[in-house]
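The chain contents come next:
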Amino acid sequence: MRILVVGSGGREHALAWKISRSPLVQALYAAPGNPGISRVATLVPLDPMDVDAVAHWAADNAVDLVVVGPEAPLVAGLADRVAKTGILVFGPSAAAAEIEGSKAFAKDVMRAAGIPTAEYEAFTALEPAVAWARARGGKVVVKADGLAAGKGVVVCGELAEAEEALRAMLVGGVHGAAGNRVVVEERLEGPEASCIAFTDGERVRMLAAAQDHKRIFDGDRGPNTGGMGAFSPTPTVGPELLAEVERTVILPAVRELARRGRPFRGALYAGLMLTPKGPRVLEFNARLGDPETQPILMRMKSDLVPALLAVARGDLSAATIEFDPRAAVGVVLAAEGYPGKVASGDLVEGADGPFAEDVQVFHAGTSRAPDGRVVTSGGRVLTVCALGDGLDGAARRAYEAVAKVRFRGMQLRRDIGGKA
């Protein structure tokens, strides 16, 4: 098979790495990819948001399957455009991807399907939004309705914080058009978990549960990021709870989208808060998580490609997915200034190892300088992942590998896996 992976982040590197290990693969491409992905795939200089160019290239180069990693091209209709060429595609249509593209739409789906979630309301004006937050003592979560690269969520503990966040989005335009409408919801308490399923629009296959760390500093302090690390499995989600999530969250969402004429084929991600009253959905994503994908795929024992094909063909009935009983921990190494304005062009050293067995370094915000050396080019630069016996063992091996990597201003959390 000839497969094209679309994207350039750590999630896409993990996908390309796992796909490259399949005996079914004859040729693997990535658009645009990154220096790490270039070790397992041929890079193609295409903009994922140029959906026509990606579809044309795939058709001209006899690609059999396109695997779309990031959310923005999906919301922009890349899967629809590729499907028109007759090429199989892993990733939902634009209509189905709206479950991530609009938080208000996702909440409407949850309400219609009876999916447990936080009380909420959507607003386009400041004063009524502030009034709603005031009625709840300011203990709310403010979310930009549209895509904001994982940074459009502000968890508030008092009214002043809520009003500041609302003003920044609705008046200051801090997230552009994505924040012209906001969702304000009650603040839930409890540990978080990420539950992701492959779905063909009707059937689902749950992946191993994971948990990420959103805040920039140890101890869950500081501003939210796109994710500073993740681990799998999470002791908070055992087999029984995972089955409950499949029954009460994933399947109802898949069925409601199908009922609306928006069948979802791809990876459906449910971000959960595990409250004393049971799991509650914080958000849905229309793709695999980042950085959760990295440790999840490290643990996947079975060949990924047959599962991707089954989803793309619309028939998961015969698909099986197996996971290593060992744990995996992934530590994100971020650039100076992240999650704000970041430095770039700094030399990355040590990312090629050598590393112990069952350790992988997935590139994200990296590029090649004119002299061929790898340099930083984004906020989250690398994810260092390791398998180990238990989360403590996996974390120890991941941090041993982290110690070999360096670039100026490197930021990381030292407590990934500690939530367990």
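See the structure above.
Here the structure is a predicted model, which means the values were calculated and not measured. (Residues numbered from 1 in each chain as written. Predicted model: local features only at pLDDT ≥ 70, side-chain atom pairs only at ≥ 80, totals over all residues. Heavy atoms only, no water.)

Caption draft 1: Representation of the overall build of the protein. In terms of helices and strands, the protein carries 12 helices and 22 strands. Since a compact globule built from 420 residues should have a radius of gyration of about 22 Å, the 20 Å found for the protein is in line with a globular shape. Seen along its three principal axes, the alpha-carbon backbone of the protein occupies a region of about 60 × 45 × 40 Å. Burial status across the protein gives 57% buried among its 420 residues. If you take every contact in the protein between residues at least 6 apart in sequence, the share linking residues at least 24 apart comes to 70%. A total of about 16300 Å² of accessible surface is found on the protein, and carbon and sulfur atoms cover 49% of it. The average position of the 48 basic charges and that of the 50 acidic charges among the side chains of the protein differ by 0 Å. (Helix = DSSP H or I, 4+ residues; strand = E, 2+ residues; numbered from the N terminus. Rg over C-alpha atoms; globule rule 2.2 N^0.38 Å. Buried < 20%, exposed > 50% of the residue type's maximum accessible area, 1.4 Å probe, protein only. Contact = heavy atoms within 4.5 Å. Areas by Shrake-Rupley, 256 points an atom, 1.4 Å probe, with all protein chains shown as cover. Lys, Arg positive; Asp, Glu negative; His and termini not counted. Charge placed at Lys NZ, Arg CZ, Asp CG, Glu CD.)

Caption draft 2: Structural detail: the pairing of strand 10 (residues 192–199). In terms of residue burial, strand 10 counts as a mostly covered element, since seven of its eight residues are buried. Two strands pair when backbone bridges link them, and strand 10 and strand 16 (residues 266–275) are joined in this way by eight bridges, in the antiparallel orientation. Across the sheet, the residue bridging to Ala197 is Leu268, located in strand 16. Examined bridge by bridge, strand 10 and strand 11 (residues 204–206) share three bridges and lie antiparallel to one another. Bridge assignment links Phe198 to a residue of strand 11, and that residue is Arg205. Hairpin connection from strand 10 to strand 11: four residues lie between these consecutive antiparallel strands, with Gly201 at a positive phi of about 100°. (Pairing = 2+ DSSP bridges.)

Caption draft 3: Structural context of the sheet that holds strand 1 (residues 2–7). The parallel open sheet is built from five strands, whose spatial order is 3-2-1-4-5. Every interior strand has two partners, whereas the edge strands, strand 3 (42–43) and strand 5 (88–90), have only one. Relative to strand 2 (residues 27–32), strand 1 is paired through six bridges, and the arrangement is parallel. Counted as the bridge partner of Leu4 is Tyr29 from strand 2. The strands touched by helix 1 (residues 10–20) are strand 1, strand 2 and strand 4 (65–68); relative to strand 1, the strand with the most contacts, the crossing angle is about 165°. Along the sheet, helix 2 (residues 51–60) makes contact with strand 1, strand 2 and strand 4, crossing strand 1 at roughly 165°. (Axes fitted to C-alpha atoms, helices over the stretch in contact; angles between N-to-C directions.)

Caption draft 4: Quick peek at the packing of aromatic side chains. By the definition in use, this model includes four aromatic pairs. Seen in terms of ring centroids, Trp17 and Phe362 are 5.6 Å apart; in terms of plane orientation they differ by 65°. Their pairing is edge-to-face. Here Phe362 lies in strand 19 (residues 359–363) and Trp17 lies in helix 1, a separation of 345 residues in the sequence. Like Phe362, Trp17 is buried. The ring of Trp132 has Arg136 lying over it, and the distance from NZ or CZ to the ring centre is 3.6 Å. (Phe/Tyr/Trp six-rings, centres within 6.5 Å; stacked < 30°, edge-to-face > 60°. Lys NZ or Arg CZ within 6 Å of the ring centre and 35° of its normal.)

Caption draft 5: Highlighting the sheet that holds strand 7 (residues 140–144). With respect to topology, four strands assemble into an open sheet ordered 6-9-7-8, the strand pairing being antiparallel. Strand pairing shows two members of the sheet lacking a second neighbour, strand 6 (120–123) and strand 8 (153–155), which therefore form its edges. Adjacent strand axes in the sheet meet at a mean angle of 15° when their direction is disregarded. For strand 7 and strand 9 (residues 182–186), the ladder comprises five bridges, and the chain directions are antiparallel. Directly across from Val140, in strand 9, lies its bridge partner Glu186. Taken strand by strand, helix 7 (residues 126–134) contacts strand 6, strand 7 and strand 9, and its axis lies near 160° from that of strand 6. Docked against the sheet, helix 8 (residues 159–170) engages strand 6, strand 7, strand 8 and strand 9, running at close to 10° with respect to strand 7.

Caption draft 6: The environment of Trp132, seen in detail. Mapping Trp132 onto the fold places it in helix 7. As for Trp132 and Glu121, which are separated by 11 residues in sequence, their C-alpha atoms are 8.1 Å apart. Contact partners of Trp132, with chain neighbours within four places excluded, come to Glu119, Tyr120, Glu121, Phe123, Val140, Val184, Glu185 and Glu186.

Caption draft 7: Focus on the pattern of salt bridges. Inspection of the entire model under this criterion finds 27 salt bridges. With its nearest N and O atoms 2.8 Å apart, the salt bridge here joins Arg203 to Asp200. The class for Asp200 is buried, based on a relative accessible area of 4%. For Arg373, the salt bridge is made with Asp371, and the minimal N-O distance between the two is 3.0 Å. Its relative accessible area of 45% is what places Arg373 among the partly exposed residues. (Salt bridge = Lys/Arg side-chain N within 4 Å of Asp/Glu carboxyl O.)

Caption draft 8: Inspection of the packing of helix 6 (residues 103–113) against helix 9 (residues 239–259) at higher detail. In the contact formed by helix 6 and helix 9, the axes pass within 9 Å of each other and the chain directions differ by 105°. By the angle between their axes, helix 6 is roughly perpendicular relative to helix 9. Residues Phe105, Val109, Ala112 and Ala113 of helix 6 lie in contact with helix 9, whose contacting residues are Pro252, Glu256 and Leu257. (Parallel < 35°, antiparallel > 145°, perpendicular 65-115°, else oblique.)

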